[in-house]
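# Fold and geometry: a report
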Amino acid sequence: METPYSELRRCVAEAVGRVFALVGVEVDYASLENLIQEPPRPEFGDLAIPLPRVSRGLTEKCREVVSAIGELGGECIEKVECVGSYLNIWLRSSYLARILGRALATSRGSYGIPEKSTPKRVVVEFVSANPVHPLHIGSGRNAVLGDFIARAHELLGDIVERRYYVNDLGLQVAYLLYGYIKLSKPRAPPSMKDDHFLGLIYAATSILADIARLRKKLEHLTGDEAGEARRELDTLIGDLLRIRSRVPDVVEALTKSLSQVEDVDQEVRALSLAMESCDPTIVEVHREVVDRVLIGIRQTLERLGVVFDRWDYESELVRSGLVREVVEMSRNSEFITYYKNAPALDLGRLANDAVRSELGIPKSLEIPPLILARSDGTTLYTTRDIAYTIKKFREFNADKVYNVIAVEQTLPQAQLKLALYALGFYKEARSLVHYAYEIVNVKGFAMSGRRGRYITVDEILDTLIARARELARSRGVEISDEIALKIARSAFKYIMLSVSPKKTLVFDPEQAVEVKSGTATYVQYTYARANSILSKYGREPDFNGVGGDGLVGKRRELALLIARFPEILRKVVLELTPEDMVSYLNKLSEIFNSWYDTDPVLTEPDEQLRNLKLLLVYGTKVVIENSFKLLGLDVVERI
RNA sequence: GGGCCCGUAGCUCAGCCAGGACAGAGUGCCGGCCUUCUAAGCCGGUGGUCCCGGGUUCAAAUCCCGGCGGGCCCGCCA
């Protein structure tokens, strides 16, 4: 279906094109339409065309264009003006009102939502944070972006599955498990969630191992090197003290227990091996500690409104034999090689220009061989990821699989694609998308999961909830838990979505909890205002009874913005750029609020004009609703 | 050393891919607006060598080349 904005652009292009032809410049309407742009300021009209782009020398003929447009302007153009090298165009109010009214009347609540085509089957794997600590804001960004991708596909009518890869093998989990066993499966204090509690145990164990290692090393160091090591030691002890201030008993018991161990690292490595071989003496406690963390993570995700369809345990993947199968296939592959005496795939040889371009891998990215297994026979992360990717495609019969993973994993993700290709999974290799995002930095704070230095999603949500309550109370209103959570999580998500995923996001905890312009709350407030007007009006606006010359000033700006919405949404859905939607919502809310303040709707005596105003209110409401559906934000009827 | 990304107002960011008007928001700071549809709002003021240097163009924050600064990757870690 044609969008109102493309309709009006075509109308303008045709009218202007006819006039250009009259002054001797022939140009086809389609290319003229592409040259139409939005002026930077309202004084420059609703639309504008840079004349030199159309044809050299056209600027000089602009006066003739102006005088000719009166008769040939057609139904859409009110007037045009020449300013500098631009032709500025004002649309006829009645025309703009009519096409906007028709578009909204046709689609109502689904205004802007793309037409469904043949549904695709799409898997989005995201978050997949290691089960060793609570979700921090970095994982929060992943959760919000991944859910956005899933929602974008759902909006297109695709069938989407959300999967979480539980990385329950590897040294990180081994450290947690080690500490957990040494402490004889401790319970969390009543006020603390399990994932927060176990995250502290993980960090304390990891730090104690680091300290022991460093102390040993220090015995052989002198001079500058010794000084540096001592400073590092001080930092570690500082981190440990911070953890002790939260769980004193745990840290004391753990310190005492580990001080009697000759080589913690060696024991942890042994434990890791035992985990991977499903050693019956630990298999139960291993699963127990992982699941305790996962329950906490799942609660956090539920607070965010992010729900997964599948939780895939890495240990089960290994046990299923699929990983072994991948290694076997590799051994029979023509790309098998031995690198540093370990079995590997020579992906560099595979990655010629043709294959790279087929898989979307940059030419300049150097691809080292992918080592498949350690000398002890255990497999490596990327090897397992090959198996997991095959599993994701198979189990869901997927047309497309997204891996939402930090940009720092660009190389392993490229290797993953190439490995699939090398093993004959051509379609899978082509249909796998690494949706890369940059990390989150906290202002004045170096995050580290291993050191227990992070800001959790839970604490941000708690602070935001408290802040929302406080604000409501200051206005004499009590808000429900549900509303408070909706305000809080939307505020958090909005921040996560507002910066281009490829850019580092600087998170300022002080700013994050402020509720003002440019936040989700601001947009929610805008929605509540629009909603309030419409519910007081009590019935649907009369979409056909609009017209006249009412679209001036802010009303006109708002109408144009609403008219542009379907194109914006489409672009955001196809290009997966949530930040564009955020910018749009900020602009829309700003214009709406500014208009709202000076131009009453319900008391408007002129019926046609009132209908027009109601159309704008209705349009704003629907646009916010549908944007929120895409971004995973919550609208609130009252705030 | 090689590769990728980023550099725009004190701070956080749009705009760059598809070049176009005196470069836009938010925040901060200063001042004003609640007998009128929700003041979590609105209005006004303040604030910029678009990292630097060349080039292409009628026109460069945007494209090209060369620098500088910051981040990440180049593990038998994940």
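Bear in mind that the values here come from a model prediction, so they are computed numbers and not experimental data.

## Focus on the sheet that holds strand S9 (residues 370-371)
An order of S7-S8-S9 is seen for the three strands of this open sheet, with the pairing classed as antiparallel. The sheet terminates laterally at strand S7 (336-339) and S9, the two strands that pair on one side only. Note: strand S8 (residues 342-345) against S9, two bridges, orientation antiparallel. Bridged to Ala 344 within S9 is Ile 371.

## Some words on the packing of aromatic side chains
For any pair of aromatic rings, the description consists of the separation of the ring centres together with the inter-plane angle of the planes. The full count for this structure, using the stated rule, is 12 aromatic pairs. Between Tyr 421 and Tyr 426, the ring centres sit 4.8 Å apart and the planes meet at 75°, which makes this aromatic pair edge-to-face. A network of ring pairs unites the aromatic residues Phe 126, Tyr 164, Phe 308 and Trp 311 as a single cluster. Residue placement shows Arg 121 over the ring face of Phe 396; its charged tip is 4.2 Å from the ring centre. The side chain of Arg 564 reaches across the aromatic face of Tyr 5, ending 5.7 Å from its centre.

## Re the protein's contact with RNA strand B
The local shell around RNA strand B holds 63 residues, among which Arg 41, Tyr 86, Ser 375, Arg 475 and Ser 532 are the closest. The sugar and phosphate moieties of RNA strand B supply 66% of its atoms located within 4 Å of the protein. Within the side chain of Arg 374, an N or O atom sits 2.6 Å from a phosphate oxygen of RNA strand B. Taking Thr 504, its main chain carries an N or O atom lying 3.3 Å from a phosphate oxygen of RNA strand B. When contributions to the surface near RNA strand B are tallied by element, the ones reaching two or more residues are strand S1 (47-50), helix H3 (51-54), strand S3 (86-91), helix H18 (410-422), helix H20 (457-474), strand S13 (505-507), helix H23 (520-537) and helix H25 (578-598).

## Overview of the state of the cysteines
Counted according to the given criterion, the structure contains two disulfides. Shown here is the disulfide that connects Cys 11 with Cys 76, its sulfur atoms set 2.2 Å apart. Judged by the torsion about the S-S bond (-95°), the Cys 11/Cys 76 disulfide is left-handed. Highlighted residues: Cys 11 in helix H1 (residues 4-22) and Cys 76 in the loop between helix H4 (62-72) and strand S2 (77-83), separated in sequence by 65 residues. The exposure class assigned to Cys 76 is buried, which follows from its relative accessible area of 0%. Across a sulfur-sulfur distance of 2.0 Å, Cys 62 and Cys 82 are joined as a disulfide pair.

## Observations concerning the pattern of salt bridges
Counted according to the given criterion, the structure contains 50 salt bridges. Across the salt bridge formed by Arg 98 and Glu 75, the nearest N and O atoms sit 2.7 Å from each other. Here Arg 98 is found in helix H5 (residues 93-107), whereas its partner Glu 75 is found in the loop between H4 and S2, with 23 residues between them in sequence. The exposure class of Arg 98 is partly exposed, given its relative accessible area of 41%. Owing to a relative accessible area of 45%, Glu 75 belongs among the partly exposed residues under this scheme. Residues participating in the shared-partner salt-bridge network are Glu 161, Arg 163, Arg 310, Asp 312, Lys 391 and Glu 395.

## Structural notes on the domain arrangement of chain A
For interface size, the figure often reported is the accessible area lost on association. Domain assignment breaks chain A into domain 1 (4-91), domain 2 (121-166 + 306-442), domain 3 (171-304) and domain 4 (458-631). A C-alpha centroid distance of 68 Å is found between domain 1 and domain 3.

## A short note on the pairing of strand S10 (residues 400-406)
Judged by how many residues are buried, S10 sits mostly within the fold: six of seven residues are covered. Bridging between S10 and strand S11 (residues 432-437) involves six bridges; their strand directions are parallel. Each residue of the ladder has a partner; that of Val 404, found in S11, is Tyr 435.

Thresholds, definitions, all that
- Residues numbered from 1 in each chain as written.
- Chains lettered and ligands numbered in written order.
- Predicted model: local features only at pLDDT ≥ 70, side-chain atom pairs only at ≥ 80, totals over all residues.
- Heavy atoms only, no water.
- Pairing = 2+ DSSP bridges.
- Helix = DSSP H or I, 4+ residues; strand = E, 2+ residues; numbered from the N terminus.
- Phe/Tyr/Trp six-rings, centres within 6.5 Å; stacked < 30°, edge-to-face > 60°.
- Lys NZ or Arg CZ within 6 Å of the ring centre and 35° of its normal.
- Near = heavy atom within 4 Å.
- Polar contact = N/O pair within 3.5 Å; in protein donor to acceptor, adjacent residues only side chain to side chain.
- Disulfide = S-S within 2.5 Å.
- Buried < 20%, exposed > 50% of the residue type's maximum accessible area, 1.4 Å probe, protein only.
- Salt bridge = Lys/Arg side-chain N within 4 Å of Asp/Glu carboxyl O.
- Domains from an automatic or database assignment.

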